[in-house]
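# Per-entry structural report
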Amino acid sequence: MNLNEPAKPSNFIREIIDNDLQTDKYGGRVHTRFPPEPNGYLHIGHAKSICLNFGLAGDYNGKCNLRFDDTNPVKEEEEYVESIKADVRWLGFDWEDRLFFASDYFEQMFEYAVQLIKCGKAFVCDLSSEQMREYRGTLTEPGRESPWRNRSIEENLDLFNRMRAGEFPDGSRTLRAKIDMASPNLNMRDPVMYRILHASHHNTGDKWCVYPMYDWAHGLEDSIEKITHSICTLEFEAHRPLYDWYLIQLGAYRPQQIEFARLNMTKTVMSKRKLLELVKGKFVNGWDDPRMPTISGLRRRGYTPESIRLFCNRIGVSKADSTVDVALLEHCLREDLNKRAPRVMAVLRPIKAVIENYPEGKVEELDAVNNPEDPTMGTRKIPFSRVIYIERDDFMEDPPKKFFRLAPGREVRLRYAYIVKCEKVVKNPETGDIVELRCTYDPETRSGSAEGRKVKATIHWVSAEHAVEAEARIYDHLFLKDDPGNVEEGADWKDNINHNSLETLQGCKVEPSLANAAPGSRFQFERLGYFCVDADSKNGKPVFNRTVTLKDEWAKIAKSEKSGSQKQDSN
RNA sequence: UGGGGCGUAGUCGAGUUGGUAAGACGUCUGACUCUGGAUCAGAAGGUCGUAGGUUCGAGUCCUACCGCCCCAGCCA
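Described in the following lines is the structure provided in the data block. Being a predicted model, the structure only gives us computed values, none of them experimental.

### Some details on the overall build of chain A
Counting its secondary structure elements, chain A contains 13 helices and 27 strands. Against the compact-globule benchmark of 25 Å for 571 residues, chain A has a radius of gyration of 31 Å, which places it well outside the compact range. C-alpha atoms of chain A, sized along the principal axes, occupy 100 × 50 × 45 Å. Relative to its 571 residues, chain A shows a buried fraction of 51%. A total accessible area of about 26,400 Å² is found for chain A, and carbon and sulfur atoms account for 47% of it.

Written as structure tokens, this is what we have:
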């Protein structure tokens, strides 16, 4: 895959692979897999894993499988497998003909289990889950062996087959590996391999009523698919001895498990549980709410696959717990969109401006460049007339020193048009609100003319007569704090939700070219930010999601002045 | 507390066989600009968790300590 992306920095996984290639451990092959459980939507943390696994395969001329780890029918649904496939594809990765399901291997896994029983390494246990917990011991005390641990091979075989046949109720028995109840690694204290679950599975229906546990299943899946490097997150580190143990007992092909640190990001939450809670609790409008860190949310927000891949390559891979600043994600987005997004003029909070000395009824078609970063994107015509809308924030009646936009008696350039001067402010006599601005223009200053007068600012505008009415959804971070999960005792992470993370603006005025913009298309609203057409748009009434603002020097100045004056207030 | 991991600038994160610390984001300066965008130039910011030791020399090796994360689901 040629993504035109810079070389990825080295990391400890590449070192392992390089070394394995040198020693010919896997015959020169690199074969990875992305193994999601279809029990939720993918998020940016999964994107890190996807980019890692598919990226490595691509860079080393290997392969990467998409495999659903669907071993728990009570949590998994078809809806999730479809969304996951769509998200991986959207991110730009291709599993070709290698779409697999753990459930495809259930029969084979069962046979492997029989093999383990036959060599005396597994047994059917009748302990209840509570009893098993008691027998397991604690972190500091060894466990005790199950009283069922020494059943004969024949009895184990018989019982295990009858478990499969559905003779026993849920929870009544398990198949367990016979390892070591005194192991300091609790995962090795005779772990459960199969549990009885009379539940129908999204893939196998009611064929099975015993389902394999993760530790038993995962290594087998990797082994069956001849995976070379089985990359997973840090919490599975303590499971690696078990992963290895099963495959060694079976004499099966054994991949190398490698663990890396999962992604955390500021101003958001990443756990499936919390994400689900946000959706179920209606704190957001579904999994694809543009404030969600889900792939579908980011997509709807207007993120590009390229920007997400770029981000994943830039954050690197390591074993240290870390939290990446969301500003880096946003930086990658701007970097990508800056090159590609067509520029367009849109006024989000309009204020009317009448250019008094401009002839009534006259309309000029002015040339505007579509993208100064890319001349091949050409130009377009935009209409200019006597009455226009400008951004309310671009005018201040009593501006501070560092504000150099429009104010009474001051001049600014209207982008692609003329220099205008504010002559008068018209207010509602009752409320004192500014209703409109009366301006004059200098006919000698039309864009492209040889005139060389400089003004301190250029602002965007839309001709009132030609404006298209639009809705804009202004998104901000979903959480107030960098680490929403880090709360005092008794407090809830949801207390950190930013209740102003969505502001819906009606009556926005956008240039006519946007009237029928296709859902999903992305634009830069000049001076404001990048916006993406939402699927809620109707013909002639587009809805825009603000993807991300432009970097805004003025916002920084305004903010620091504000906090400066607050400091003074408190003194 | 038993076991397994991890600790390099505000945040990520490179640091091959020991020769006194890449890069990116963020922050701050300046230049340029018909987007206060982009671009360009530059700056600040690190006792490499701490303390010892080996060595001419240690982020890299040794020892001890400290801190953080994970494991006691018939979840993954």
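We are not done yet, so read on.
### Concerning helix α3 (residues 78–91)
With 14 residues, α3 should cover 20 Å at 1.5 Å per step; its first-to-last C-alpha distance of 20 Å lies within 8% of that length. Along α3, the residues that are buried comprise Tyr80, Val81, Ser83, Ile84, Lys85, Asp87, Val88 and Leu91. Buried residues along α3 sit against β1 (31–34), α2 (44–59), β2 (63–68), β3 (99–101), α10 (295–301) and α11 (305–315). A positive backbone phi angle near 105° is found at glycine 92, which sits one or two residues after α3.

### Structural notes on the nonpolar core
Of all hydrophobic cores here, the largest spans 38 residues; its most connected members are Ile44, Ile50, Phe54, Val88, Ile308 and Phe311. Elements supplying a minimum of two residues to this core: α2, β2, α3, α10, α11 and α12 (326–340). Counting residues per element, this core draws most heavily on α2, at six residues. Residues within four places of isoleucine 50 in sequence aside, it is in contact with Phe34, Leu42, Gly55, Val88, Leu91 and Phe93. Counting 36 residues, the second-largest nonpolar core is a separate cluster that includes Tyr112, Tyr194, Ala217 and Leu250.

### Here we look at the packing of helix α4 (residues 106–118) against helix α7 (residues 214–224)
Their axes nearest at 11 Å, the elements α4 and α7 cross at an angle of 110°. Considering the angle they form, α4 stands roughly perpendicular to α7. Here the hand of the crossing between α4 and α7 comes out right-handed. Residues Gln108, Met109, Tyr112, Ala113 and Leu116 of α4 lie in contact with α7, whose contacting residues are Trp216, Ala217, Leu220, Glu221 and Ile224. Residue composition of the contact of α4 with α7, by class: eight nonpolar, one polar and one charged.

### A word on the packing of aromatic side chains
Ring pairs (aromatic) are described by centroid distance and by the angle formed between their planes. As enumerated under the stated definition, the model contains 24 aromatic pairs in all. Ring geometry for tyrosine 358 and tyrosine 441: centres 5.1 Å apart, planes at 65°, overall edge-to-face. Of the two residues, tyrosine 358 is situated in the loop between β14 (350–355) and β15 (364–369) and tyrosine 441 in strand β20 (residues 434–442); the sequence distance between them amounts to 83 residues. Of the two residues examined, tyrosine 358 and tyrosine 441, each falls in the buried class. With 5.3 Å between their ring centres and 70° between their planes, phenylalanine 403 and tryptophan 554 make a pair best called edge-to-face. Taken together, the residues phenylalanine 403 in the loop between β17 (387–391) and β18 (411–414) and tryptophan 554 in helix α13 (residues 553–570) connect sequence positions 151 residues apart.

### Thoughts on the state of the cysteines
For the structure shown, the criterion picks out zero disulfides. The thiol of cysteine 125 is unpaired, and the distance to the nearest cysteine sulfur, on cysteine 209, comes to 18 Å. Unpaired in this structure, cysteine 439 has its nearest cysteine sulfur neighbour in cysteine 422, at a distance of 5.0 Å.

### Side note on the sheet that holds strand β25 (residues 522–525)
Two modes of strand pairing occur in sheets, parallel and antiparallel, and in both the strands are linked by backbone hydrogen bonds. Here seven strands make up an open sheet; going across it, the order is β12-β25-β26-β27-β23-β24-β13 and the pairing mixed. Looking along the sheet, the strands with just one partner apiece sit at the ends: β12 (343–344) and β13 (346–347). Sheet analysis places strand β26 (residues 529–533) next to strand β27 (residues 543–549), joined by five bridges and oriented antiparallel. The residue of β27 that forms the bridge with cysteine 532 is asparagine 545. Running over the sheet, α12 touches β12, β25, β26 and β27 and is turned about 120° from β27.

### Points about the protein's contact with RNA strand B
Around RNA strand B, 70 residues are found, and the nearest of them are Leu127, Arg343, Phe404, Arg405 and Ser447. One nitrogen or oxygen atom from the side chain of glutamate 15 is found 3.4 Å from a phosphate oxygen belonging to RNA strand B. Between RNA strand B and lysine 556 there is a distance of 3.3 Å, counted from a phosphate oxygen to a side-chain nitrogen or oxygen. Listing elements by their share of the surface near RNA strand B, those giving two or more residues are α5 (129–136), β6 (192–196), α11, β11 (323–324), α12 and α13.

### A short note on the packing of α7 against helix α8 (residues 240–250)
Where α7 meets α8, the axes come as close as 9 Å, and the angle between the chain directions of the two elements is 60°. Crossing handedness for the pair α7 and α8: right-handed. Residues Asp215, Trp216, His218, Gly219, Leu220, Asp222 and Ser223 of α7 pack against Leu242, Tyr243, Tyr246, Leu247 and Leu250 of α8. Of the residues assigned to the contact of α7 with α8, the class counts are seven nonpolar, three polar and two charged.

### Structural notes on the side chain of arginine 173
Examined against the element boundaries, arginine 173 turns out to sit in the loop between α6 (153–164) and β5 (174–177). A polar side-chain atom of arginine 173 sits 2.9 Å from a polar atom in the side chain of aspartate 126. Excluding anything up to four places from it in sequence, arginine 173 contacts Val124, Cys125, Asp126, Arg151, Leu159, Met163, Phe168 and Ile196.

### Some words on the pattern of salt bridges
As enumerated under the stated definition, the model contains 50 salt bridges in all. Salt-bridge contacts for arginine 162 lead to glutamate 167; the nearest nitrogen and oxygen are separated by 2.7 Å. What makes glutamate 167 partly exposed here is its relative accessible area of 46%. Residue arginine 438 pairs with glutamate 356 through a salt bridge whose shortest N-O separation is 3.0 Å. With arginine 438 in strand β20 and glutamate 356 in the loop between β14 and β15, this pair connects stretches of sequence that are 82 residues apart. Residues joined in a network through salt bridges with shared partners are Asp288, Arg300, Glu471, Arg473, Asp534 and Asp536.

Rules used in this analysis
- Residues numbered from 1 in each chain as written.
- Chains lettered and ligands numbered in written order.
- Predicted model: local features only at pLDDT ≥ 70, side-chain atom pairs only at ≥ 80, totals over all residues.
- Heavy atoms only, no water.
- Helix = DSSP H or I, 4+ residues; strand = E, 2+ residues; numbered from the N terminus.
- Rg over C-alpha atoms; globule rule 2.2 N^0.38 Å.
- Buried < 20%, exposed > 50% of the residue type's maximum accessible area, 1.4 Å probe, protein only.
- Areas by Shrake-Rupley, 256 points an atom, 1.4 Å probe, with all protein chains shown as cover.
- Expected span 1.5 Å × (residues − 1).
- Contact = heavy atoms within 4.5 Å.
- Core = buried A, V, L, I, M, F, W, Y, C linked by side-chain atoms within 4.5 Å.
- Axes fitted to C-alpha atoms, helices over the stretch in contact; angles between N-to-C directions.
- Parallel < 35°, antiparallel > 145°, perpendicular 65-115°, else oblique.
- Left-handed = near helix turned anticlockwise from the far one by under 90°.
- Nonpolar A, V, L, I, M, F, W, Y, C, P; charged D, E, K, R; others polar.
- Phe/Tyr/Trp six-rings, centres within 6.5 Å; stacked < 30°, edge-to-face > 60°.
- Disulfide = S-S within 2.5 Å.
- Pairing = 2+ DSSP bridges.
- Near = heavy atom within 4 Å.
- Polar contact = N/O pair within 3.5 Å; in protein donor to acceptor, adjacent residues only side chain to side chain.
- Salt bridge = Lys/Arg side-chain N within 4 Å of Asp/Glu carboxyl O.

Geometric values such as these leave the question of function open.
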